[in-house]
Amino acid sequence: MHKQPILLRRTGSSLPDTNAAIPIADETPGRRDSSHKRKLSGIPLDAEAIIQRASVQTSLEQIADEEEGSFCGDPDSLRTEQLVGGGGGNNNNGPSSSMPEFSEVFPDNQGGWSSLKSLLTSRAVTGTTLFVMAVTFVLLRPHSSTIEEGSGSNLNPAATGVIGGALNSNNNHNNNPQVSSKEITIGEEHQETVGAPMEHHVHEYNKIQFFDSPDKMKPIYSKGPILWDEEMGGLHMFENVCLTNNVDALRYRPDPDTGLRGLIYFTPDESIAKNSKRCVPCSNKQSMENWEDANKDRKVVGHKCGMTGLHAMFASSVGDWSDCIMEEDNTKLMEEWGQTQSPVNVSTIHFFQEPAFALQFDAYDNQKSLFDMLMTYLPHWDKFLGGSRGDGDNGGFPFSSVISHSLQGCLSHSHDWFCEILHQMYAFGEAKEIPWEDNENTLYCYRELYYNQVGYQRNLDHEGLVTREVFGEFREMLFRKFGLPRRRTVEDRLEELEYEKAQGKKNEGDENNADDADGEDDDNGTKIIFYDNKLSEQTVWNQMESLISKARGLEKYQNIKFVTQKDFNRLSVAQQARKFNEADAVIMAHGQHMANAIFAVDGTSFVEVGCKVESLIGNPRFMKLMDGKYKAVEKCTEGGDDGSVCVACNDDGDDGVKFTMTPGAFEKLIDDVVASLQQ
């Protein structure tokens, strides 16, 4: 006798069980919440259960595999077991059911009902549901707007993330596409373009497109230069251009320069394409204020030369430019002119999609950086800063990133003098510095590039741009950022002095305070800082300390403090700023450290000493901006009067220039400086 299988029907019906007292063969023993019920209509019980299982009232209870097999088995065998077994042996003599059997209502030969029943099992229903959901998801999901292989449709470049909106087709697809060798830093936002198999040649990261080969980049065409502000000048915008580095400039002697760049300008002009010298930049021998300026080298290269600090090169594509500069004649001419460019053999391209600012300055000379770059940028900075709302974007600044090939990490971690100034003055708002790879194979290109023209305001000859108000605001910010002790203007210092005098009267009669006051009077004496530049390999003032020692013994200089500085290079920018801020006068050997004059208070006297002094600080327009006085002391002329203030020079060739000064000339120099302070 077969054991009667236990059949659990899945239904959530709340109908009352009117036959609860009648034993049910498939009732679960001891289960109070059984939802099984007897036949309530003319439909056989098993058929009713099948209909209910197809409804949305299916519960989460499971049926064992053998139970499902029993449920979907032969109805005749089920009927036999019910008649013979009667509940698995527990009700052998029980009455048989008077219901019509399943096979009588739905015989096996009617439409393959047995197959239909097997499809309605729990696992079959679940599998069918999942399959339908998957098909629905595939059919209804949005289609990507990326490039379809072999299609010639016009695509949206913004949607595809591909230059020009499309890539060249390539039938050699790889099952394991390699994107780019660009390493992704954990924790940074990662964006990449995913689409057709061809896209494995282009990788986008932080709104930068990376091309593994120049031929994967569709040709782009340049625009510009366009003046950002026609009333100010000096700041230009280009579109779709690339920047290169002048590697020869780092070997210029005696003055290497890190501020020279090459600009690759892309054009479809056929006349340019036929020019074999299209990729050769003009020499760096002439200043070029305007893009259209005539230059004698223009006749040689057959194209425009660009602007000072930014030398133009022309090509139809990156590959065209790379091939052009590799030609032997072009390479020799570039070496002759000191215009060898890097990268040489381009294998990777970084194409920046957001507006970028090209930060160019001479990292070897603080004075040149101050006047060649900052004096041009200051009026624009003042306008940008005034338009900044601090609303999360870059406010009034039109660019969102800064690229500096002059000094890597200038805005992020460098302690360079000029970089520290830019950082403290909030020069570029919230713009982020673009890191660059130091190799000869990566070319940097820009969808929108801002170029601050080098040397545009070197001599401050464009009047009305760097005003006293603009320059004063710039210096006030530096005074606050560096925590300088003396206030900038004479009026502010007089106000501070009156306050100190008032405080002194309150403490009058206190001996200790009187002693302190005497000390403060000493501190308030005239302070002159001297610097001989002895550790430099260029201009050196010999025997300066012996001259100072003799002067200290003179009665007329008892109220003067002679302060010597051993080495400015060992001081931080903040320490250099404090030295100049505390001084009433600065007398030093000619050199770049005089750029610290921006930290001095108004009315300070400056003296540069050397065999030949060519100083940007000494510009009368600059001295007027800060109410300063300036004097240059140079080599004595032949047959000159012994009483003149001059120096005797000794040229040591490669070791630089050394000079000395007579005690009489030094004494007269101090008298002149003290007199200028009393005016």
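For every chain, the first residue of the written sequence is number 1, and numbering continues from 1 along that sequence. A pLDDT threshold of at least 70 governs which residues receive local features in this predicted model, and a stricter bar of 80 or more applies before side-chain atom pairs are shown or counted, although totals over entire chains, interfaces and linings include all residues. Side-chain calculation: all heavy atoms of the structure are included, whereas hydrogens and water are not.

## What about helix α20 (residues 663–677)?
Just so we agree on the cut-off: Working definition: helices are DSSP H or I runs of at least four residues, strands are E runs of at least two. Numbering for both runs from the N terminus. Helix span, as expected, comes to 1.5 Å for every residue beyond the first. Burial status follows relative accessibility: with a 1.4 Å probe on protein chains alone, a residue under 20% of its type maximum counts as buried, one over 50% as exposed, and anything between as partly exposed. Within this analysis, the arc is defined by the directions that extend from the helix axis to the C-beta atoms.
Along its 15 residues, α20 runs 22 Å from first to last C-alpha, staying within 8% of the 21 Å computed at 1.5 Å per residue. A665, F666, L669, I670, V673 and S676 are the residues of α20 that are buried. Around the axis of α20, the buried residues are gathered within 140° of arc, so they sit on the same side.

## With respect to the environment of P225
Quick note on the threshold: Should any heavy atoms of two residues lie within 4.5 Å, those residues are counted as being in contact.
Relative to the helices and strands, P225 is located in strand β3 (residues 223–227). In this structure the C-alpha to C-alpha distance between P225 and G306, which are 81 residues apart in sequence, comes to 9.5 Å. Beyond its immediate stretch of four places on either side in the chain, P225 contacts H236, M237, F238, W291 and M307.

## Observations concerning the side chain of N275
Put simply, the rule is: Whenever a nitrogen or oxygen atom comes within 3.5 Å of another N or O atom, the pair is scored as a polar contact, on the condition that within protein one atom can donate a hydrogen and the other can accept it, and that pairs from neighbouring residues in sequence are kept only if both atoms are in side chains.
Tracing the sequence through the fold places N275 in the loop between α8 (270–273) and α9 (298–301). On the accessibility criterion, N275 (16% relative accessible area) is buried. Side-chain polar atoms of N275 contact the backbone oxygen of V301, separated by 2.7 Å. Residue contacts for N275: discarding those within four places in its chain leaves V301, G302 and H303.

## Points about helix α14 (residues 468–481)
With 14 residues, α14 should reach 20 Å at 1.5 Å per residue; the first-to-last C-alpha distance of 20 Å fits that figure. By the burial criterion, the buried members of α14 are V470, F471, G472, F474, R475, M477, L478 and F479. Backbone geometry just downstream of α14 places G483 in the positive-phi region, at approximately 60°.

## Some remarks on the state of the cysteines
Using the following cut-off: Note on terminology: pairs of cysteine sulfur atoms within 2.5 Å are recorded as disulfides.
Overall, the coordinates contain six disulfides when judged by the stated rule. Two residues, C242 and C445, share a disulfide whose sulfurs are 1.9 Å apart. Disulfide C242-C445: torsion about the S-S bond near 95°, hence right-handed. Of this pair, C242 sits in strand β4 (residues 235–246) while C445 sits in strand β13 (residues 442–452), placing them 203 residues apart in sequence. As far as burial versus exposure is concerned, C242 and C445 are alike and both buried.

## Structural notes on a nonpolar patch on the surface
Our working definition: Every patch collects residues that have over 30% relative accessible area and no salt bridge, joining them within 9 Å if they carry like charges and within 5 Å if they are nonpolar side chains (Val, Leu, Ile, Met, Phe, Trp, Tyr). Areas reported as accessible are Shrake-Rupley estimates using a 1.4 Å probe. Residue values count occlusion only from the protein chains shown. Basic side-chain nitrogens of Lys or Arg form a salt bridge, by our definition, when they fall within 4 Å of a carboxyl oxygen of Asp or Glu.
There is a patch of nonpolar side chains on the surface, built from F131, V132, V135, L139 and L140 and spanning about 540 Å² of accessible area. Here V135 lies in helix α6 (residues 122–140).

## Quick notes on the packing of aromatic side chains
For clarity, the threshold we go by: Aromatic rings from Phe, Tyr and Trp, with only the six-membered ring used for Trp, were paired whenever their centres fell within 6.5 Å, and each pair was classed as stacked if the ring planes differed by under 30 degrees, edge-to-face if by over 60, and tilted otherwise.
Tallied over the full model, the rule gives 32 aromatic pairs. Judged by centre distance (5.7 Å) and plane angle (20°), the ring pair of F530 and F562 falls under stacked. Within this pair, whereas F530 is found in strand β14 (residues 526–531), its partner F562 is found in strand β16 (residues 560–565), the two being separated by 32 residues in sequence. On the basis of relative accessible area, F562 is assigned to the buried category, the value being 7%. Aromatic side chains F568 and F580 sit 5.8 Å apart centroid to centroid with 55° between the ring planes, which places their arrangement in the tilted category. Of this pair, F568 sits in the loop between β16 and α18 (573–582) while F580 sits in helix α18, and the two are 12 residues apart along the sequence.

## Points about the environment of E335
Topologically, E335 is positioned in helix α11 (residues 328–336). Sequence spacing of E335 and D248 is 87 residues, and the spatial spacing of their C-alpha atoms is 7.8 Å. With residues near it in sequence (within four places) discarded, E335 still touches D248 and T340.

## Quick word on the sheet that holds strand β17 (residues 585–589)
Quick reminder of the rule: When DSSP finds at least two bridges between two strands, those strands are taken to pair. Note on method: axes are straight lines fitted to C-alpha atoms, helices fitted across the in-contact stretch only, with angles between N-to-C directions ranging 0 to 180 degrees.
The strand order across the open sheet formed by five strands is β16-β14-β17-β18-β19, and the pairing between neighbours is parallel. Both edges of this open sheet fall to β16 and β19 (629–633), since each of them pairs with a single strand only. Across the sheet, the mean angle separating the axes of adjacent strands is 15° when strand polarity is ignored. In the sheet, β14 pairs with β17 via four bridges, with the strands oriented parallel. Note on β17: the bridge partner recorded for F530 is I587. The strands that helix α17 (residues 544–552) touches are β14 and β16; relative to β16, the one it contacts most, it runs at about 165°. Sheet contacts for α18: β14, β16, β17 and β18 (605–609); angle to β14, the most-contacted strand, approximately 135°.

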